[in-house]
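Overview (structure and organization)
Listed here are the chains, written in short residue letters.
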Amino acid sequence: MAALGARTWVVPGGHVPFPAHGPEPEFTGFDQLCVLNAGDVEAEIRIDIYYQDVEPVGPYRVLVGARRVRHVRINDLIDPEAVRLDRPYGCVLRSPVPVVVQFLRQDTRLPGVVALTGTMAFPGEVPST
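It should be emphasised that the depicted structure is a prediction, and the values quoted were computed from it without experimental measurement.

Grouped together as the largest cluster of nonpolar side chains are 27 residues, with contacts concentrated most on Leu33, Ile45, Ile47, Ile49, Leu77 and Leu93. Secondary structure elements with two or more residues in this core: strand S1 (6-15), strand S2 (29-37), strand S3 (43-50), strand S4 (57-64) and strand S6 (88-107). Element by element, the count of residues in this core is highest for S6, at seven residues. Among all residues touching Ile49, those that are not within four sequence positions of it are Pro56, Val57, Tyr60, Leu77, Val83, Tyr89, Gly90 and Cys91.

Turning to the pairing of S3, a few remarks are in order. If a strand is regular, its side chains alternate between the two faces of the sheet. Within S3, six of the eight residues are buried, leaving the element largely enclosed by the surrounding structure. Bridge count for S3 against S4 is six bridges, and the pairing is antiparallel. Residue pairing in the sheet places Ile47 in a bridge with Tyr60 of S4. The turn linking S3 back onto S4 is made up of six residues.

What follows concerns the side chain of Asp31. Along the polypeptide, Asp31 turns up in strand S2. Taking relative accessible area as the criterion, Asp31 reaches 0% and is therefore assigned buried. A polar contact is formed between the side chain of Asp31 and the side chain of Tyr89, at a distance of 2.7 Å. Residue contacts for Asp31: discarding those within four places in its chain leaves Gly14, His15, Val16, Val72, Arg73, Ile74, Tyr89, Phe103, Leu104 and Arg105.

Let us look at the pattern of salt bridges. This structure, assessed with the given rule, holds seven salt bridges. For Asp31, the salt bridge goes to Arg105, with nearest N and O atoms at 2.8 Å. Of this pair, Asp31 sits in strand S2 while Arg105 sits in strand S6, and the two are 74 residues apart along the sequence. By relative accessible area, which is 30% here, Arg105 ends up partly exposed.

What follows covers the environment of Leu63. By secondary structure assignment, the location of Leu63 is in strand S4. With relative accessibility at 44%, the residue Leu63 sits in the partly exposed group. Put simply, Leu63 and Arg46 are 17 residues apart on the chain and 8.9 Å apart in space, counted from C-alpha to C-alpha. Not counting the four nearest positions on each side in its chain, Leu63 is found in contact with Glu42, Ala43, Glu44 and Arg70.

Here the focus is the packing of aromatic side chains. All chains considered together, the criterion is met by zero aromatic pairs. Geometry around Tyr51 places Arg84 over its ring, the cationic atom sitting 5.1 Å from the centre. Here the basic side chain of Arg87 rests over the ring of Tyr51, its NZ or CZ set 5.4 Å away from the ring centre.

Here the focus is the environment of Asp40. Inspection of the secondary structure puts Asp40 in the loop between S2 and S3. Taking the relative accessible area as the measure of exposure, Asp40 reaches 64% and is therefore exposed. With 26 residues separating them in the primary sequence, Asp40 and Ala66 have C-alpha atoms 4.9 Å apart. Here Asp40 is in contact with Ala66 and Arg67, once residues within four sequence places are set aside. A polar side-chain atom of Asp40 sits 3.2 Å from a polar atom in the side chain of Arg67.

What counts and how
Residues numbered from 1 in each chain as written. Predicted model: local features only at pLDDT ≥ 70, side-chain atom pairs only at ≥ 80, totals over all residues. Heavy atoms only, no water. Core = buried A, V, L, I, M, F, W, Y, C linked by side-chain atoms within 4.5 Å. Buried < 20%, exposed > 50% of the residue type's maximum accessible area, 1.4 Å probe, protein only. Helix = DSSP H or I, 4+ residues; strand = E, 2+ residues; numbered from the N terminus. Contact = heavy atoms within 4.5 Å. Pairing = 2+ DSSP bridges. Polar contact = N/O pair within 3.5 Å; in protein donor to acceptor, adjacent residues only side chain to side chain. Salt bridge = Lys/Arg side-chain N within 4 Å of Asp/Glu carboxyl O. Phe/Tyr/Trp six-rings, centres within 6.5 Å; stacked < 30°, edge-to-face > 60°. Lys NZ or Arg CZ within 6 Å of the ring centre and 35° of its normal.

In structure tokens form, the structure reads like this:
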């Protein structure tokens, strides 16, 4: 079987909203990366976050087991520093083995309504950093 996916993926835009204020602050939405590793070798994913006005931050490292899928909420990325809330960002994912990446956004601002949108990340060549 031919390998599925690519080794470099780009998400050109994302935004993690700042939590709503009140007695119990909660997020009004989140961005999530879904990474599928259909291969026979564990993938150590490297994620670099890009902002409009500061240098990129990363790498954030995420392991995805062989023949597994992993869902990663962007606001859960905290090492080497927490992803900045309420600021537009983009990200580049690099993997030593081919993987497939999907980007999801969930918006819960309207009471009783959960909006979920998804798109494939863009596979391509990005210079190494």
